[in-house]
Amino acid sequence: MNAVIYARFSSTAQQEQSIDGQVRHCTEFAEKNGYKIINTYIDKALSGRNDNRPAFQQMISDSSKGTFQYVLVWKFDRFSRDRFDSAIYKSKLRKNGVRVISITENVGDGIDGNLIEAIYEAMAENYSRQLSQNVVRGMRESALQCKSVGGSVPFGYKIEDKRYVIDEEAAKIVRYIFEAYASGKRKCEIAEELNSKGFRNSKGEPFKMQSLSKMFTNRKYIGVYKYGDIVIENGFPAIISKELFEKCADRAVKNKHTSGHANARVTYHLAGKAYCGHCGAPLTGDAGTGRSNMYYYYSCSGKKRHLEGSSKCPKKRESKDILEAYVAEQAIKYFTDREKIFEIAEKVVKAFDRSKDEKEKISEVEKEIRTIDTEINNLVNSLLNITAPALIRKVNERSEQLEKQRAELSEKLVMLKLNSKVSSITADEFAEWILTFCDGDLDDKSFVAKILDKLVHKVFIYDDKLLIYYNIKDSEEVTYSKMLLDISGSTIDASGRPKNAAPLFSETASFVIYKL
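Only a predicted model underlies this, so the values are computations on that prediction, with no experimental measurement involved.

To continue, consider unusual backbone geometry. For D161, which is not a glycine, the phi torsion comes out positive at approximately 55°. In this structure, D161 sits in the loop between β5 (157-160) and β6 (163-166). Classification of D161 by relative accessible area gives exposed; the value is 75%. Positive phi, close to 60°, is recorded for N234, a residue that is not glycine.

With that out of the way, let us pick up the pattern of salt bridges. Applying the stated criterion across every chain, the model contains 16 salt bridges. The shortest N-O distance in the salt bridge between E169 and K172 comes to 3.6 Å. Taken as a pair, E169 and K172 lie in helix α6 (residues 168-182) at a separation of three residues, close to a single helical turn. For E169, a relative accessible area of 54% puts it in the exposed group. The salt bridge partner of E189 is R186, with a shortest N-O separation of 3.6 Å. For R186, a relative accessible area of 48% puts it in the partly exposed group. Residues participating in the shared-partner salt-bridge network are K320, D321, E324 and K445.

Our next topic: the pairing of strand β13 (residues 456-461). Across the six residues of β13, six count as buried, placing the element largely inside the fold. In this sheet, β13 lies alongside strand β9 (residues 274-276) in parallel orientation, the contact comprising three bridges. Its bridge partner lying in β13, Y275 is registered against F460. In this structure, β13 lies alongside strand β14 (residues 465-470), joined through five bridges in antiparallel fashion. For V456, the partnering residue across the bridge sits in β14 and is Y470. Taking the residues between adjacent antiparallel strands as the criterion, β13 and β14 are bridged by three residues.

In the structure shown here, the tally under the stated rule is 19 aromatic pairs. Judged by centre distance (5.4 Å) and plane angle (80°), the ring pair of F155 and F207 falls under edge-to-face. Within this pair, whereas F155 is found in the loop between α5 (113-144) and β5, its partner F207 is found in the loop between α7 (187-196) and α8 (209-215), the two being separated by 52 residues in sequence. For F207, a relative accessible area of 5% puts it in the buried group. Arranged with centres 4.4 Å apart and planes meeting at 25°, the rings of Y164 and F236 form a pair that is stacked. With a gap of 72 residues between them, Y164 in strand β6 and F236 in the loop between β8 (230-232) and α9 (242-258) connect regions that are remote in the sequence. For the pair Y164 and F236, one class covers both residues: buried. Every member of this aromatic cluster is reached through a ring pair, and the members are Y157, Y164, F178, Y181, F216, Y221, Y225, F236 and F245.

This paragraph deals with the sheet that holds strand β11 (residues 294-300). Judged by pairing direction, the sheet is antiparallel, and its three strands sit side by side in the order β10-β11-β12 without closing on themselves. Each end of this open sheet is capped by a strand with a single partner; those strands are β10 (283-289) and β12 (318-319). The pairing of β10 with β11 spans seven bridges and is classified as antiparallel. Within β11, the position partnered with T289 by the bridge is M294.

This next bit is on the confidence of the model for the protein chain. The predicted model of the protein chain has a mean per-residue pLDDT of 77, with 73% of residues at 70 or higher. Ignoring residues within four places in sequence, the model shows residues 257-263, a span with pLDDT below 50, making one contact including any to other chains. For residues 490-508, every residue scores under 50 in pLDDT, and the model assigns this stretch 50 contacts once sequence neighbours within four places are set aside.

So, how was this worked out
Residues numbered from 1 in each chain as written. Predicted model: local features only at pLDDT ≥ 70, side-chain atom pairs only at ≥ 80, totals over all residues. Heavy atoms only, no water. Helix = DSSP H or I, 4+ residues; strand = E, 2+ residues; numbered from the N terminus. Buried < 20%, exposed > 50% of the residue type's maximum accessible area, 1.4 Å probe, protein only. Salt bridge = Lys/Arg side-chain N within 4 Å of Asp/Glu carboxyl O. Pairing = 2+ DSSP bridges. Phe/Tyr/Trp six-rings, centres within 6.5 Å; stacked < 30°, edge-to-face > 60°. pLDDT = per-residue confidence, 0-100. Contact = heavy atoms within 4.5 Å.

In structure tokens form, the structure reads like this:
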């Protein structure tokens, strides 16, 4: 089982574990549970509330290579503190056969694991929001004075006494870049010319087209200071004129609109969850080109690959956006049904409480620390009566071993206490949370992604009907055979397809008419 470690530290948080601690504990977890660590991705002093993290993006990209199957994190909030980002990126990882595991939050392998993950992520997001409120006040004051509030410094500037000043040597290159682009040179030509002359960006790396594109939209170069909703003209010392900037910005926008629309990446949020109702094969992402647009679908992989018994599968392809929105809509209806919401809540609360055993672990670790303290005190007292150098050396060696064990246990205790801040959830709290969680716009693709990722386990799709299994019961994996057994109460035609829509199903599934 190949795995990678992802560790992140946010400089604004005062109680987060160090990078070394996260990596060490993930490594220990891997050794105990049979995972082989093949890489470690680390982002330092970067917030988990956005996805602009270099190591994180590299990990997502590397997942497509098929070299690892698991991502180990200390807590789910290390992966992301934004539920929408978390849903989207976990969907991408799942498509590549990769699962995220929190070593301190045992959500289990059952069907309800994803839903419990969602609760953890919601709590992490709330914690992050509260933390941000405490930090933002001071940052806004700095912003109103046009001071640096952290983050990367634009090429051509440097920080002195928390204020931005022009780095004259770099500013010469900035002026040349804008003038060359305005005169008609392409970005690739400008980058090649700069690199060939040995010039490097503020990170000491060669210039790239992407970094030049960002420069052409960065209004700091004409003196505009911006932080959130704070915009101050002449808050920066300007490097170029407004006329030159606007000329380059206009050209960059035109080039962007005429470049590769077809290169846009599309995430299929039901990948790994959607299956053909006729033959049981997975539905996979597909695309087609119309006169001027790209169209995205789910198609039966068995039919496409002519698998045995599947080559004659009658399953038609399904519009990606319509199918995803429809399944999300049905999931929302299921979880917010007033008659069954507390029945669902009881199952989830039971599973959640099973996953929270930090209090017992804290008690065990505290007991171990007390035992070590007692032994250390006894050793110290024994030194008063020992005169033999060899015995004194052995006592001191044992004391050093115990001090090391105590330090490791103390760090473990801190982690457990941080994690135990959320010790339980009641049925009322879950009901309130799920109603908030399901409150969104089905035209918002990130909202749809969140719903599908956390609430839906599997979907078996016919051309006009579908059977949805939800993440609310810790039970065996749902297979195609189990799905057929679940619909056995209905009238079945020769192909194994249900003719009516009112059979007896398991308590974690719903059967609906697929109305386009």
